Amino acid sequence: MKSFFAFLLVLVLFSSCGSKNPKILSTSTNPVRNAKNYTPFFDISEYSKDEEYGLTGDKPVKVGEKSVQNQLRYLSSLAGPNGEELQFHRRGSCCGYKSEKGLMGTALVDVYEVTYEGLKEPILVYISFYDFETLYIPKGFIKRL
């Protein structure tokens, strides 16, 4: 019975990732944070060639080390297209993907709502702390100076 529920959870996780607005499975009441309050990663300088990188649950940024601090540092490494300072908060988790480092072979992706002055609608950035891959700058952002 336990394995049935685990299978059902994994099925829901994988099916929600492909949609434009994946279902956020857990929600959060984390405070809004400012990028200036965190030390950015200084080695992020290349722009992603994939226009969906970090902007969909299927293609999350992978910051590794099971570290929320790495997630915050990653977001703090970015700025709006004209250098605007970012504000962000974690909305929750969604979108399971296969990972040896996740629970029962499945890792979840955290969803951050990102805003900056002049932005009409928040941007959702998808980040996983289970695995690590080279970090890039997603479409619509620049490197924080």
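About the criteria used
- Numbering of residues starts from 1 in every chain and runs along the sequence as written.
- Where local features are concerned, this predicted model is filtered to residues with pLDDT of at least 70; where side-chain atom pairs are given and counted, the filter is 80 or more; whole-chain, interface and lining totals use all residues.
- The side-chain figures draw on all heavy atoms in the structure; neither hydrogens nor water molecules are used.
- Strands are runs of DSSP state E lasting at least 2 residues, helices are runs of H or I lasting at least 4, and numbering of each runs from the N terminus.
- Throughout, exposure labels follow a simple rule: accessible area from a 1.4 Å probe, protein chains only, divided by the maximum for the residue type, with under 20% read as buried, over 50% as exposed, and the rest as partly exposed.
- Throughout, a residue-residue contact means that at least one pair of heavy atoms, one from each residue, lies within 4.5 Å.
- Any pair of nitrogen or oxygen atoms within 3.5 Å is treated as a polar contact; in protein, a donor-acceptor pairing is required on top of that, and neighbouring residues in sequence qualify only through side-chain atoms on both sides.
- Note on pairing: two strands pair once DSSP finds at least 2 bridges between them.
- Ring pairs are drawn from Phe, Tyr and Trp, using the six-membered ring of Trp, whenever the two centres fall within 6.5 Å, and their geometry is named by plane angle: stacked under 30 degrees, edge-to-face over 60, tilted for the rest.
- Over a ring means this: the NZ of a Lys or the CZ of an Arg is within 6 Å of the ring centre and within 35 degrees of the ring normal.
- Confidence of the predictor at the level of single residues is given by pLDDT, which spans 0 to 100.

## Some thoughts on the environment of Gly80
- As for its placement among the helices and strands, Gly80 is situated in the loop between strand S4 (78–79) and strand S5 (87–103).
- Taking C-alpha positions, Gly80 is 8.5 Å from Lys143, a pair spaced 63 residues apart along the chain.

## Thoughts on helix H2 (residues 68–76)
- Turning to H2, its buried residues number three or more, namely Asn70, Gln71, Leu72, Tyr74, Leu75 and Ser76.
- Where H2 is buried, its residues meet strand S2 (33–34), strand S3 (61–62), S4, S5, strand S6 (106–115) and strand S7 (123–128).
- You can read the cap of H2 off the contacts: a side-chain oxygen lies 3.3 Å from the backbone nitrogen of Gln69, and it is on Ser67.

## Here's the deal with the pairing of S5
- Bridge count between S2 and S5: two bridges; the pairing is antiparallel. Pairing of Asn34 across the sheet is with Gln87, part of S5.
- Judged from the 10 bridges that link them, S5 and S6 form a sheet pairing that is antiparallel. Counted as the bridge partner of Cys94 is Val109 from S6.
- Hairpin geometry of S5 and S6 is characterised by an intervening segment of two residues between the two adjacent antiparallel strands and by a positive phi of about 55° at Met104.

## Overview of the packing of aromatic side chains
- Per the stated rule, a full pass over the model turns up three aromatic pairs.
- Here Tyr38 and Phe88 contribute two aromatic rings whose centre-to-centre distance is 6.4 Å and whose plane-to-plane angle is 40°, an arrangement assigned as tilted. Linking Tyr38 in the loop between S2 and S3 with Phe88 in strand S5, this pair joins segments that are 50 residues apart in sequence.
- The class for Phe88 is buried, based on a relative accessible area of 1%.
- We note Arg73 situated over the ring of Phe41; from NZ or CZ to the ring centre the distance is 4.2 Å.

## Comments concerning the confidence of the model for the protein chain
- This prediction gives the protein chain a mean pLDDT of 87; 81% of its residues lie at or above 70.
- When the criterion is pLDDT under 50, residues 1–16 qualifies, and its contacts beyond four places in sequence or with other chains add up to 14 contacts.

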